[in-house]
Amino acid sequence: MLSHFTFAKFRFTIKAVEEMALPAYKGAVFRGGFGYAFKKIVCIQRARKECSECLLQRTCVYSYIFETSPPEDTKVLRLYRTIPHPFVIEPPLNGDRIVKQNDRLTFNMILIGRAVDYLPYFILTFTELGKQGIGKNRSKFILEKIEALDVNGEGKSVYTCEDGVFQNDYPLLEASQLNQAESNNGKSQIEVKFLTPFRVRFDGKITDDIEFHVIFRNLLRRVSSLLYFHCGRELECDYKAYIEEAEKIKTVSNDLQWFDWERYSTRQKRKMTLGGVLGTVKYEGNLRPFMQILKLGEHIHLGKGTSFGLGKYQILEIL
């Protein structure tokens, strides 16, 4: 079912040229700075506020990556102005807010489908962002190296600032490679740990009541959209039957807590308070039909704000 869902995962290492002051949650800094620098490099009509006003929208790399909208001939989500971005930034999860001069910081970048071909643009963008600086004091950094990660997290160098050469020989990951849980009697338990805030809307409102079907509805919608718009395939499955089975999964324990975080939107020129749940929740039932998509979700995240790194989770226990 997911054999055509392809993605690649890269580890970026940056070196601080000067001391950096960063927020506790660094996803907003990296994603916001990335968008600003990306537009500066690529866009030839930066004076326009909206990509929708530009004649080059359908052929522009910036528009595709950062202001992602459905194509005119789309079969799905026709009424939506935007669709899921084909990238996820995974910021460092430690709470350290000061990075000293010459210290290094790493973060991950997940590119989905045809967005993988645009990795050189990401290299140029973060090189430029290093010159502009990030954080409260616009502290500068050097993009030191980039490694491509395989499904086990082992890295292979694809770029270093020393030689400035991009190596395009890196693993392209497939969702079908991800392991599925084994359970002889069809019964199992999983414990899901949310490492970054999971922010999801259900029944028209943001909710902290995270039943299994709420997670799976959101994940199924995200996977099918990414597959269709960025991998060129439709997800062939019985959505109604899938959801009905997901509703049978029971919550065994819940240790989730609400977490609020604040970011400043340069584009909207205002502060925004966003929140989501953190912690662990355990589910029980016949989970085997859902495991491949759940394992994929560990890489592509779920919920709102995935490009900021929100909705990152880990399956801790499979019985």
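Structure first, text after, so check above.
The rules behind each value
- The residue numbering used here restarts from 1 in each chain and proceeds along that chain's sequence as written.
- Local features in a predicted model are, by the rule used here, given only for residues with pLDDT of at least 70; side-chain atom pairs are given and counted only at 80 or more, and totals for whole chains, interfaces and linings are based on all residues.
- Side-chain metrics rest on all non-hydrogen atoms present in the structure, leaving aside hydrogens and water.
- Only buried Ala, Val, Leu, Ile, Met, Phe, Trp, Tyr and Cys residues count toward a nonpolar core, and they belong to the same one when joined by side-chain atoms within 4.5 Å.
- Burial classification: accessible surface area is computed with a 1.4 Å probe over protein chains only, and a residue below 20% of its type maximum counts as buried, one above 50% as exposed, and the rest as partly exposed.
- By the criteria applied, helices consist of DSSP H or I runs no shorter than four residues and strands consist of E runs no shorter than two, each listed in order from the N terminus.
- Any two residues whose heavy atoms approach within 4.5 Å are treated as being in contact.
- When DSSP locates at least two bridges between a pair of strands, those strands are taken to pair.

> I'd like a rundown of the nonpolar core, residues and numbers included.
Counting 44 residues, the largest nonpolar core has Phe5, Phe212 and Leu294 as the members making the most contacts within it. Take this core: its biggest share by element is 10 residues, from helix α4 (residues 212-231). When neighbours within four sequence positions are excluded, Phe5 is seen to be in contact with Ile112, Leu173, Glu174, Ala175, Val223, Leu226, Leu227, Cys231, Leu296 and Ile300. In this structure, Val29, Tyr62, Ile89 and Tyr159 belong to the second largest nonpolar core, which totals 42 residues.

> Can you break down the pairing of strand β6 (residues 141-149) residue by residue, with the values?
Counting buried positions along β6 gives 7 out of 9 residues, so the element sits mostly inside the fold. In terms of strand pairing, strand β1 (residues 6-16) meets β6 through 8 bridges, oriented antiparallel. In the strand pairing of β6, Thr13 is matched with Lys145. Between β6 and the antiparallel strand that follows it, strand β7 (residues 155-160), lie 5 residues; Gly153 among them carries a positive phi value of about 85°.

> Go over the environment of Leu111, please, and point to the residues and values.
Within the secondary structure, Leu111 sits in strand β5 (residues 104-112). Among the residues examined, Leu111 registers a relative accessible area of 0% and is labelled buried. Between the C-alpha atom of Leu111 and that of Ile300, which follows or precedes it by 189 residues, the distance is 8.9 Å. Ignoring anything within four residues of it in the chain, the contact list for Leu111 reads Phe7, Ala8, Phe10, Pro86, Phe87, Val116, Leu119 and Phe122.

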